[in-house]
Amino acid sequence: MPASPLIYVLNGPNLNLLGMREPEIYGTDTLDDIATRVEDRARALGARVEIRQSNHEGHLVDWLHEARLQGAKAVILNAGAFTHTSVALHDAVKAIGVPVIEVHLSNPQAREEFRHHSFIASVAKGSITGLGALGYELALDAAVRL
Ligand code: CA2
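Residues numbered from 1 in each chain as written. Predicted model: local features only at pLDDT ≥ 70, side-chain atom pairs only at ≥ 80, totals over all residues. Heavy atoms only, no water.

Asker: It is not clear to me how the site of the ligand should be interpreted in this structure. Could you clarify?
Answerer: The full set close to the ligand counts 16 residues, and N78, H84, H104, L105 and S106 are the nearest of them. In the model, an oxygen atom of the ligand is placed 2.5 Å from a nitrogen or oxygen of the S106 side chain. Coverage of the ligand by the protein chains reaches 94% of its 510 Å² of free accessible surface. Of the residues contributing to the shell around the ligand, the split by class is 7 nonpolar, 6 polar and 3 charged. (Near = heavy atom within 4 Å. Polar contact = N/O pair within 3.5 Å; in protein donor to acceptor, adjacent residues only side chain to side chain. Areas by Shrake-Rupley, 256 points an atom, 1.4 Å probe, with all protein chains shown as cover. Nonpolar A, V, L, I, M, F, W, Y, C, P; charged D, E, K, R; others polar.)

Put into structure tokens, the structure is as follows:
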């Protein structure tokens, strides 16, 4: 029987604050709520998920490398504000040879100008934005079917 696919779900800065502030932008789910939904969906799809959050750019770079070393089938990445600033994450996504699906709870294109550019989008397999926590579940469905 083939091993169940492993999907990394990486979350960037301030996403640990979800559900506590700005519910009109990010919804009322906490990151733990989202993790539970992703784990439930992974079980239904027969996939394994490794879900992490960090406020530190280097941790996210290290975890992208780790995803490759662990043979992950895909990475779901919400890089938070690093999306709009990080050449290091751009380079890591490009380097690892593992498909990365970019997810954002909000739609950055509909927000401030400084959120309009993503350093991830051009090296990602695809992006899902503006659909709230559902975006993570849709990304997981896509990751398993890639
Ligand atoms: O919409 C998204 O998922 C974002 O990645 C969220 C980032 C933002 O910088 C990106 O432009 C879009 C911010 C996450 C911060 O989340 C908070 C949650 C509650 C209270 C304060 C911040």
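Asker: Looking at this model, I keep getting lost on the sheet that holds strand β1 (residues 6–11). Mind explaining?
Answerer: The strands making up a sheet associate through hydrogen bonds between their backbones, and the pairing can be parallel or antiparallel. Pairing in this open sheet of 5 strands is parallel, and the strands run β2-β1-β3-β4-β5 from one edge to the other. The open sheet is flanked by β2 (48–53) and β5 (126–129), the only strands paired with a single partner. Looking at each pair of strands side by side, their axes are set apart by 20 degrees on average, direction ignored. Pairing analysis gives 4 bridges linking strand β4 (residues 100–104) to β5, with the strands arranged parallel. If you follow E102 over to β5, its bridge partner there is S127. Sitting on the sheet, helix α3 (residues 57–69) touches β1, β2, β3 (74–78) and β4, and the angle it makes with β1 is about 175 degrees. Sheet contacts for helix α5 (residues 134–145): β1, β2, β3, β4 and β5; angle to β4, the most-contacted strand, approximately 170 degrees. (Pairing = 2+ DSSP bridges. Helix = DSSP H or I, 4+ residues; strand = E, 2+ residues; numbered from the N terminus. Axes fitted to C-alpha atoms, helices over the stretch in contact; angles between N-to-C directions. Contact = heavy atoms within 4.5 Å.)

Asker: Explanation requested: the pattern of salt bridges in the structure shown.
Answerer: When the charged atoms of two side chains lie near each other, side chains of opposite charge can form a pair. Taken as a whole and assessed by the stated rule, the structure comprises 8 salt bridges. Ionic pairing is found between E137 and R37, a salt bridge with its closest N-O pair at 3.0 Å. You can see E137 sitting in helix α5 and its partner R37 sitting in helix α2 (residues 31–45), a full 100 residues away along the chain. Look at E137 and you get buried, because its relative accessible area is 18%. Given the relative accessible area of 32%, R37 is considered partly exposed. For the salt bridge of R52 with E66, the shortest nitrogen-to-oxygen distance reads 2.7 Å. (Salt bridge = Lys/Arg side-chain N within 4 Å of Asp/Glu carboxyl O. Buried < 20%, exposed > 50% of the residue type's maximum accessible area, 1.4 Å probe, protein only.)

Asker: I'm lost on helix α4 (residues 87–96) in this one. Help?
Answerer: Each α-helix turn comprises 3.6 residues. Residues three or four places apart therefore point the same way. Taken together, the buried positions of α4 are L89, H90, A92, V93 and I96. Down the axis, α4 shows its buried residues gathered within 165 degrees of arc, on one side only. What points out from α4, more than 90 degrees from its buried face, is the exposed set K94 and A95. Of the surrounding secondary structure, the elements contacted by the buried residues of α4 are α3, β3 and β4. For α4, the side-chain oxygen to backbone nitrogen distance between the N-cap and A88 is 3.4 Å, and the N-cap itself is S86. Looking one or two residues beyond α4, the residue adopting positive phi is G97, at roughly 70 degrees. (Arc of directions from axis to C-beta.)

Asker: What exactly am I supposed to notice about the environment of G80 here?
Answerer: Within the fold, G80 resides in the loop between β3 and α4. For G80, a relative accessible area of 15% puts it in the buried group. A sequence separation of 68 residues divides G80 from G12, and the C-alpha atoms of the two residues are 4.9 Å apart. When near neighbours in sequence (up to four residues on either side) are disregarded, G80 contacts G12, P13, L15 and H104.

Asker: Is there a simple way to explain the side chain of S118 in this structure?
Answerer: You can see S118 is positioned in the loop between β4 and β5. At a separation of 2.7 Å, a polar atom in the side chain of S118 contacts the side chain of E102. If we skip the residues at most four places from it in the chain, S118 touches T83 and E102.

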